[in-house]
Amino acid sequence: VSHAWTNGCSLEIWNLMYACFFSALILFVILPFLPSILSWWRRLNLDAEGAIFEDLAEARSEVHMISSYAPRIHPDYGSAFKLIDLTAAANDHDLIETSSSEGSHSDDDL
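From a predicted model like this one, the values you see are computed outputs, not experimental measurements. (Residues numbered from 1 in each chain as written. Predicted model: local features only at pLDDT ≥ 70, side-chain atom pairs only at ≥ 80, totals over all residues. Heavy atoms only, no water.)

Turning next to the overall build of the protein. Within the protein, the regular secondary structure consists of five helices and zero strands. Put simply, the protein runs from its N terminus to its C terminus through helices and strands in the order α-α-α-α-α. Burial analysis of the protein (110 residues in total) assigns 4% to the buried set. Accessible surface for the protein amounts to roughly 9,900 Å². Of this, 67% is attributable to carbon and sulfur atoms. (Helix = DSSP H or I, 4+ residues; strand = E, 2+ residues; numbered from the N terminus. Buried < 20%, exposed > 50% of the residue type's maximum accessible area, 1.4 Å probe, protein only. Areas by Shrake-Rupley, 256 points an atom, 1.4 Å probe, with all protein chains shown as cover.)

Pasting the structure below:
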């Protein structure tokens with residue numbers, strides 16, 4: 001062993017082995033955290049405005065898609081929401097009539 005160290009032939013191999021080991025160790029520690037580090041880095045990018053609502057609304061309206069937080073105002077879906085409201089109102093009206101008629105029958109039984 002001392003003969004190999006005195007000739008110096010193994011020193012470069014050991015340095016290469018240490019470099020590979022520490023590189024693998026660093027990657028083993030850093031790679032699991034890489035997605036969270038990248039998302040943090042993207043959040044720090046303050047120059048990017050993101051999607052501007054006016055541009056988004058214009059592009060979506062060209063293909064007849066809703067781009068509002070109030071979908072009831074969309075001309076294609078307004079009638080569907082009206083139908084849902086009318087059905088719900090009719091169901092509520094039927095429920096009130098049923099409960100009031102059941103209440104009058106229970107009073108007669110006493």
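Before going further, it helps to spend a moment on the confidence of the model for the protein. Residue-level pLDDT values for the protein average 78, and 77% of them are 70 or greater. Confidence scores differ between elements of the protein, with helix 1 (residues 2-7) showing the lowest mean pLDDT of 55 and helix 2 (residues 11-30) the highest of 88. (pLDDT = per-residue confidence, 0-100.)

Time to look at the packing of aromatic side chains. Going through the model one piece at a time under the given rule, you end up with three aromatic pairs. On the numbers, 6.1 Å between centres and 40 degrees between planes, the contact of Trp-14 with Tyr-18 is tilted. Remark: Tyr-18 and Trp-14 occur in helix 2; sequence separation between them is four residues, near one turn of the helix. Among the residues examined, Trp-14 registers a relative accessible area of 38% and is labelled partly exposed. Seen from their ring centres, Phe-21 and Phe-22 are 5.4 Å apart, and the 70 degrees between their planes marks the pair as edge-to-face. Owing to a relative accessible area of 48%, Phe-21 belongs among the partly exposed residues under this scheme. (Phe/Tyr/Trp six-rings, centres within 6.5 Å; stacked < 30°, edge-to-face > 60°.)

With that settled, the discussion passes to the environment of Arg-72. Tracing the backbone shows Arg-72 in the loop between helix 4 (53-62) and helix 5 (78-109). Since its relative accessible area comes to 47%, Arg-72 is described here as partly exposed. Between the C-alpha atom of Arg-72 and that of Lys-82, which follows or precedes it by 10 residues, the distance is 8.6 Å.

Before going further, it helps to spend a moment on a negative patch on the surface. Together, Glu-54, Asp-55, Glu-58 and Glu-62 line one region of the surface with negative charge. Counting through the fold element by element, Glu-58 comes out in helix 4. (Patch = residues over 30% accessible without salt bridge, like charges linked within 9 Å, V, L, I, M, F, W, Y side chains within 5 Å. Salt bridge = Lys/Arg side-chain N within 4 Å of Asp/Glu carboxyl O. Lys, Arg positive; Asp, Glu negative; His and termini not counted. Charge placed at Lys NZ, Arg CZ, Asp CG, Glu CD.)

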